[in-house]
Amino acid sequence: MITQSPDTGNVSDKWDRRFLELAKHISGWSKDPSTKVGCVVVGEDREIRSTGFNGFPRGIEDDSGRLEDREQKYPLICHAEENAIMHAARIGVSLKGNSAYVTWPPCSRCSRSLIQAGVNEVVYPKDLDIPERWKEDFDIAMGMMKEAGINVREA
């Protein structure tokens, strides 16, 4: 269930919270806690254009055979943002000019995909504790998106 804070923040903040909560809900489909990343792509009039998540959908066993299961059922599964982009492509939706709300900042690979898809904004939660091993890629990804004119911000 998506909840909104009762405070009187501005409309943009309320929408940010709504879609970040939805991204978190989507990420709950992942069985592996290290890959609970969700993405919701939203259009200018706040309609949901596409969604994606990183990890294994419910029902796929988290054991030594999970990779084979994943490859058989989801041969193209990858990161949350790329899943959302592929989902949009399958249903014929353009993501150009849309906003991507994510539960974790995109990696450099997903940043390239977001740039190619024409997303104009990426929003991720404030105060995330980025592990040291990911900080270099995080910096590269942020630089790539900003250089491409994507508005990257915390909410």
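From a predicted model like this one, the values you see are computed outputs, not experimental measurements.

> Outline the overall build of the protein, listing residues and values.
Regarding its fold elements, the protein presents 5 helices and 5 strands. Listing every helix and strand of the protein by position from the N terminus yields α-β-β-α-α-β-α-β-α-β. Looking at the protein as a whole, 41% of its 155 residues qualify as buried. The contacts in the protein between residues at least 6 apart in sequence include a share of 61% that link residues at least 24 apart. Total accessible area on the protein stands at roughly 8,900 Å², and carbon and sulfur atoms take up 49% of it.

> Explain the sheet that holds strand S1 (residues 37–42) to me, and be specific about the residues and the numbers.
Neighbouring strands of a sheet are bound in pairs by backbone hydrogen bonds; such pairs are parallel or else antiparallel. Sheet architecture is open: 5 strands sit in the order S2-S1-S3-S4-S5, paired in mixed fashion. Bordering the open sheet on either side are strand S2 (48–54) and strand S5 (151–154), each of which pairs with just one other strand. Pairwise comparison of adjacent strand axes, ignoring direction, gives a mean angle of 15° for this sheet. As paired elements, strand S3 (residues 99–102) and strand S4 (residues 121–124) share 3 bridges and run parallel to each other. The partner of Ala100 across the bridge, within S4, is Val122.

> Provide a residue-level description of unusual backbone geometry, including the pertinent values.
Backbone geometry follows two general trends: most residues other than glycine have a negative phi, and most peptide bonds adopt the trans configuration. Positive phi outside glycine occurs at Arg46, with the angle close to 70°. If you check the backbone angles, Asp127 has positive phi at about 60° while not being a glycine.

> Account for the pairing of S5, with residues named and values stated.
Bridge count between S4 and S5: 4 bridges; the pairing is parallel. Among the inter-strand pairings, Tyr124 is bridged to a residue of S5, identified as Glu154. Viewed along the sheet, the connection from S4 through helix H5 (residues 132–147) into S5 turns out right-handed.

Conventions we followed
Residues numbered from 1 in each chain as written. Predicted model: local features only at pLDDT ≥ 70, side-chain atom pairs only at ≥ 80, totals over all residues. Heavy atoms only, no water. Helix = DSSP H or I, 4+ residues; strand = E, 2+ residues; numbered from the N terminus. Buried < 20%, exposed > 50% of the residue type's maximum accessible area, 1.4 Å probe, protein only. Contact = heavy atoms within 4.5 Å. Areas by Shrake-Rupley, 256 points an atom, 1.4 Å probe, with all protein chains shown as cover. Pairing = 2+ DSSP bridges. Axes fitted to C-alpha atoms, helices over the stretch in contact; angles between N-to-C directions. Right-handed = clockwise from strand over helix to strand, strands pointing away.

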